[in-house]
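# Breakdown of the fold
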Amino acid sequence: TNNRHEFLGYITDKDIVLSIKHKGTRASYQDVIKKNIHTVSFDTPIPKIYKYLLAKDLPVVVLEGKKIRGIITRRNIIELLSAMDVSKASEVNEG
């Protein structure tokens, strides 16, 4: 974010590793920051976000108005689905 708390882009751990590998100590966030940002509103259904993540595998920024509420990645969705599977399995075992 900048001084006005506007989201400027994102950098992944892979981006950082590749930048350091190629540029060493001269690596800068400006070399790797991705500014093509897909945003969704705070009330966007998870299945819609999931479809986007399956197609693009890029982070999705969640906005409520102009305020950033979070970032969702494919990994977040996988963790959510895994947690849901575990809770369903425990319901069956308890029932």
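In what follows, the structure referred to is the one given above.
These lines cover the structure that appears in this document, whether it is placed above or below. (Residues numbered from 1 in each chain as written. Predicted model: local features only at pLDDT ≥ 70, side-chain atom pairs only at ≥ 80, totals over all residues. Heavy atoms only, no water.)

## Some remarks on the overall build of the protein
Counting secondary structure elements, the protein contains four helices and three strands. Its helices and strands in sequence order give the protein the pattern α-α-β-α-β-β-α, from N to C terminus. Restricting to contacts in the protein with at least 6 residues of sequence separation, those with at least 24 account for 32%. Approximately 7,600 Å² of the protein is accessible, and the part contributed by carbon and sulfur atoms is 55%. (Helix = DSSP H or I, 4+ residues; strand = E, 2+ residues; numbered from the N terminus. Contact = heavy atoms within 4.5 Å. Areas by Shrake-Rupley, 256 points an atom, 1.4 Å probe, with all protein chains shown as cover.)

## What about the nonpolar core?
Formed by V40, I49, Y52, L53, V60, V62, I72 and I77, the largest nonpolar core amounts to eight residues. Put simply, the parts of the chain that give this core at least two residues each are α3 (46–56) and β2 (60–64). At three residues, α3 tops the list of elements feeding residues into this core. In contact with V40, other than residues within four places in its own chain, are I49, V60, V61, V62 and L63. (Core = buried A, V, L, I, M, F, W, Y, C linked by side-chain atoms within 4.5 Å. Buried < 20%, exposed > 50% of the residue type's maximum accessible area, 1.4 Å probe, protein only.)

## Thoughts on the pairing of strand β1 (residues 38–41)
As defined by bridge partners, β1 adjoins β2 across four bridges and the pair is classed as parallel. For T39, the partnering residue across the bridge sits in β2 and is V61. Taken together, β1, α3 and β2 constitute a β-α-β crossover, and its handedness is right-handed. (Pairing = 2+ DSSP bridges. Right-handed = clockwise from strand over helix to strand, strands pointing away.)

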